[in-house]
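Single-letter residue listing:
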Amino acid sequence: MQPSHHRCETVVIGAGLAGISTALELLEQGRQVLLLDALPRSQCGGQANDAFGGMLLCGTPEQRRNKVQDSPELLLVDWLRVAAFDADDHWGRRWAEHYAERNKADVYDWLRQRGVSFFPAVQWVERGNFGDGNALPRYHVAWGCGRGVAQTLVRRLFEHAGLSCLFEHRVLGLEMRNGAVVGCHGRSGAGDFRIEAEHVVVCSGGINGDLARVRVHWDPLYGPYPENILNGTDPRADGALHAQVQAAGGQVVKLGRMWNYAAGIAHPEPQYPQHGLSLIPSRSALWLDASGQRIGPQPLVGGFDTHDQCKRIGHLPGQYGWQLLNWRIAIKELAISGTDSNPHFRDRKLLPLLWQLATGNRELVRWMVERCPDVLAADTLAQLAEKMVALTADGRLDPDLLGATLARYDAGIRRGPALYNDEQLRRLQQLRQWRGDRVRTCAPRPILAAGSGPLIAIRTRLISRKSMGGMLTDLHSRVLDAHGEPLPGLYAAGEAAGFGGGGISGIRSLEGTFLSNCILNGRRAAQAIAGHA
Ligand SMILES: Cc1cc2nc3c(=O)[nH]c(=O)nc-3n(C[C@H](O)[C@H](O)[C@H](O)COP(=O)(O)OP(=O)(O)OC[C@H]3O[C@@H](n4cnc5c(N)ncnc54)[C@H](O)[C@@H]3O)c2cc1C
């Protein structure tokens, strides 16, 4: 059978947030687009449909209403310090500068004009262990979560007559002529297809859903590749097109840079091998190693430095840790990243959300205790230790050490705030100064205090999530060849491009830099194609 043949001005491969943003910008500029995805139309939006929807933004009205005075200059200083770019990260750094300068106008305003709004309280994530992360609160949660953002844009997309779509079409390779990319080919349920296009934009996502690839590119900075790693990304985000871009002469760089998380737990209803959930870890929990000893000497406290957390968990014996807490802490502090784990954000239900913030999320914790194999609960520490021993079956836990660790921490709390001499307690006090964190951080009370509900232990391990390296692109999202020259006809955006320049975040992110850069990358590709760059 002859392959079906299509001709178009621009083909966008991948209908995730990067692809949608590229296509929408082109359509709004009056151009024709063919949008293509391996998945059915119902899954248009890609991983953004699962994302929590947090975006790092600066200079917004939400920040001003929260009395946060931010600026592109301040953001860039933080970004450059955290990213720790290498000398050869020229384009990653250029994209970072561009993002700092343009995020308000080209992401925030653009989204607002298209019907996306943000939760009024700005969160302060990734402050850094030594005040060396975000100097200010910048994490804006999209009202409706990642899915709300994606579906708002998808609705706009389908209003345009200039859009053609091919869903359930998997691209297998790029078409080349005289050194230029002139289309792509692949397979669908109906047979093989070939597409001729003047411009090809690759928005096929990252590699982190494919644990075999994660293993190949694993950076030993995080310890040996963990055999117990969980997968927090759809396995269809397999990075297969990275090799095709390389075969066409495009550079793919720094795939060892990943944004993984340290508080993964096994999914109770796994949809694929090693399917995990990424906890937003409790700050008041004691984070212990496999023996029951506190991870230290600097205690591990969630939300300050994800990169450091991953390194430390990755180097522990057994490459896992335990969060030890009680019911009172759990209902206030525990959360799971993602759209469906945050139904009030997803469904834009303000009053139920405020009620939940004030009184705690009992439903989530009950579900976790009843369903998640890594979440254990018991009335006494001895019973809890028994369950921990049974779960790991590796003989590492020392129940006496566990008891002594907890007793020492609780004794410090009982002495009262004036005598706090523990880094975690100092951080909890600081967290409670910021309104956005205060609602999700308990006032310190001994973990074994009477009336705090059952004790809870959560086994946490590394979970794969985002690729921070990828196709090397310039500020027009053009893919660059081995000489650093644009490969004619080829563009890349979103996670496929390491969110710009093959690595806009360097070795670590300020968090929430992913969705927003899908939009910026995609819009830049479209503007270059439309001649408005
Ligand atoms: C649970 C979860 C929570 C997250 N929370 C946040 C958050 O709060 N903030 C944030 O900034 N980021 C977050 N992220 C990350 C963010 O969602 C992703 O980085 C982003 O959505 C990637 O978008 P993309 O368009 O580049 O790629 P994807 O969404 O992966 O889309 C790629 C598309 O390309 C298609 N495709 C791939 N290969 C082919 C092929 N060969 N042929 C045809 N089609 C192909 C795929 O089917 C897919 O639809 C989260 C991710 C997850 C999983």
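If you're wondering where the values come from, they're calculated on a predicted model, not measured in any experiment. (Residues numbered from 1 in each chain as written. Predicted model: local features only at pLDDT ≥ 70, side-chain atom pairs only at ≥ 80, totals over all residues. Heavy atoms only, no water.)

This part is about the nonpolar core. Of all hydrophobic cores here, the largest spans 89 residues; its most connected members are V11, I13 and M368. Each of domain 1 (4-210 + 222-257 + 468-529) and domain 2 (261-463) accounts for three or more of the residues forming this core. Ignoring anything within four residues of it in the chain, the contact list for V11 reads L34, L36, C184, I195, A197, H199, V200 and V201. If you look at the next biggest cluster of nonpolar residues, it comprises 63 residues, including W110, V116, L157 and C203. (Core = buried A, V, L, I, M, F, W, Y, C linked by side-chain atoms within 4.5 Å. Buried < 20%, exposed > 50% of the residue type's maximum accessible area, 1.4 Å probe, protein only. Domains from an automatic or database assignment. Contact = heavy atoms within 4.5 Å.)

Judged from the 9 bridges that link them, strand 1 (residues 4-13) and strand 8 (residues 191-202) form a sheet pairing that is parallel. What sits directly across from H6, in strand 8, is I195. (Pairing = 2+ DSSP bridges. Helix = DSSP H or I, 4+ residues; strand = E, 2+ residues; numbered from the N terminus.)

For the structure shown, the criterion picks out 12 aromatic pairs. Ring centres of F119 and W143 lie 5.5 Å apart, and the angle between their planes is 40°; this geometry places the pair in the tilted category. With F119 in the loop between helix 4 (90-113) and strand 4 (139-141) and W143 in the loop between strand 4 and helix 5 (145-157), the pair connects residues that are 24 residues apart, well separated along the chain. For the pair shown, F119 and W143 are each scored as buried. Arranged with centres 6.5 Å apart and planes meeting at 85°, the rings of W124 and W434 form a pair that is edge-to-face. With W124 in the loop between helix 4 and strand 4 and W434 in the loop between helix 15 (423-431) and helix 16 (435-438), the pair connects residues that are 310 residues apart, well separated along the chain. Taking relative accessible area as the criterion, W124 reaches 17% and is therefore assigned buried. The class of W434 is buried, set by a relative accessible area of 16%. Every member of this aromatic cluster is reached through a ring pair, and the members are F52, F119, W143 and F345. It is R127 that lies over the ring of W124; its NZ or CZ is 3.8 Å from the centre. (Phe/Tyr/Trp six-rings, centres within 6.5 Å; stacked < 30°, edge-to-face > 60°. Lys NZ or Arg CZ within 6 Å of the ring centre and 35° of its normal.)

Taken together, 35 residues lie around the ligand, and D37, Q47, G54, E495 and L515 are the ones closest in. Take A38: an N or O atom from its main chain is 3.1 Å from a nitrogen atom of the ligand. Between G53 and the ligand, the recorded distance is 3.1 Å, taken from a backbone N or O atom to an oxygen atom. Breaking the shell around the ligand down by element, the ones donating at least two residues are helix 1 (17-28), strand 6 (169-177), strand 17 (455-467) and helix 17 (515-529). Of the residues forming the shell around the ligand, the biggest block, 3 residues, is contributed by strand 6. Counted by class, the shell around the ligand contains 16 nonpolar, 13 polar and 6 charged residues. (Near = heavy atom within 4 Å. Polar contact = N/O pair within 3.5 Å; in protein donor to acceptor, adjacent residues only side chain to side chain. Nonpolar A, V, L, I, M, F, W, Y, C, P; charged D, E, K, R; others polar.)

A few words on the domain arrangement of the protein. The domain architecture assigned to the protein consists of domain 1 (4-210 + 222-257 + 468-529) and domain 2 (261-463). A straight line from the C-alpha centre of domain 1 to that of domain 2 covers 32 Å. Overall, the association of domain 1 and domain 2 removes approximately 3700 Å² of surface from exposure, summing both partners, and the carbon and sulfur fraction of that is 52%. One can count 2 salt bridges joining domain 1 with domain 2. For the pair domain 1 and domain 2, the interface holds 29 residue pairs in polar contact (both at pLDDT 80 or more). (Buried area = accessible area lost by both parts, 1.4 Å probe. Salt bridge = Lys/Arg side-chain N within 4 Å of Asp/Glu carboxyl O.)

Taken as a whole, the second largest pocket encloses approximately 370 Å³ of empty space. Looking at the second largest pocket, it is lined by 17 residues, and the ones nearest its centre are R294, T405, R408, Y409 and D422. Secondary structure elements with two or more residues in the lining of the second largest pocket: helix 14 (399-414) and helix 15. Sort the elements by how many residues they give to the lining of the second largest pocket and helix 14 lands first, with 5 residues. Grouping the constituent residues of the lining of the second largest pocket by class yields 7 nonpolar, 5 polar and 5 charged. (1 Å grid on protein atoms, 1.4 Å probe; cavity = no way out; pocket = protein on both sides within 12 Å on 5 of 7 lines; lining within 4 Å. Points joined across faces, edges and corners; volume = space filled by probe spheres on them.)

What follows deals with the side chain of S477. Residue placement: S477 occurs in the loop between strand 18 (470-471) and strand 19 (478-480). The class for S477 is buried, based on a relative accessible area of 0%. Residue contacts for S477: discarding those within four places in its chain leaves W95, L490, Y491, A492, N521, R524 and A525.

Let us now look at a nonpolar patch on the surface. Residues L350, L351 and L354 make up a contiguous nonpolar surface patch of about 300 Å² in total accessible area. Within the element layout of this structure, L350 appears in helix 11 (residues 350-359). The class of L350 is partly exposed, set by a relative accessible area of 40%. (Patch = residues over 30% accessible without salt bridge, like charges linked within 9 Å, V, L, I, M, F, W, Y side chains within 5 Å. Areas by Shrake-Rupley, 256 points an atom, 1.4 Å probe, with all protein chains shown as cover.)

Further remarks concern the environment of L111. In this structure, L111 sits in helix 4. As for L111 and T152, which are separated by 41 residues in sequence, their C-alpha atoms are 9.2 Å apart. Ignoring any residue separated from it by four or fewer positions in sequence, one finds L111 in contact with M55, V116, F118, V149, L153 and I519.

Another point: the side chain of D422. By the secondary structure assignment, D422 is in the loop between helix 14 and helix 15. Classification of D422 as buried rests on a relative accessible area of 16%. From its side chain, D422 meets the backbone nitrogen of Q424 in a polar contact 2.8 Å long. In this structure, D422 is in contact with R294 and Y409, ignoring residues within four places of it in sequence.

Turning to helix 3 (residues 72-83), a few remarks are in order. With 12 residues, helix 3 should cover 16 Å at 1.5 Å per step; its first-to-last C-alpha distance of 16 Å lies within 8% of that length. All of the buried residues along helix 3 are L75, D78, W79, V82 and A83. In an axial view of helix 3, the angular spread of the buried residues amounts to 120°, which keeps them on one side of the axis. Looking at helix 3, the residues exposed on the side facing more than 90 degrees away from the buried face are E73 and V77. Residues of helix 3 that are buried in the fold lie against strand 3 (54-56), helix 4 and helix 17. (Expected span 1.5 Å × (residues − 1). Arc of directions from axis to C-beta.)

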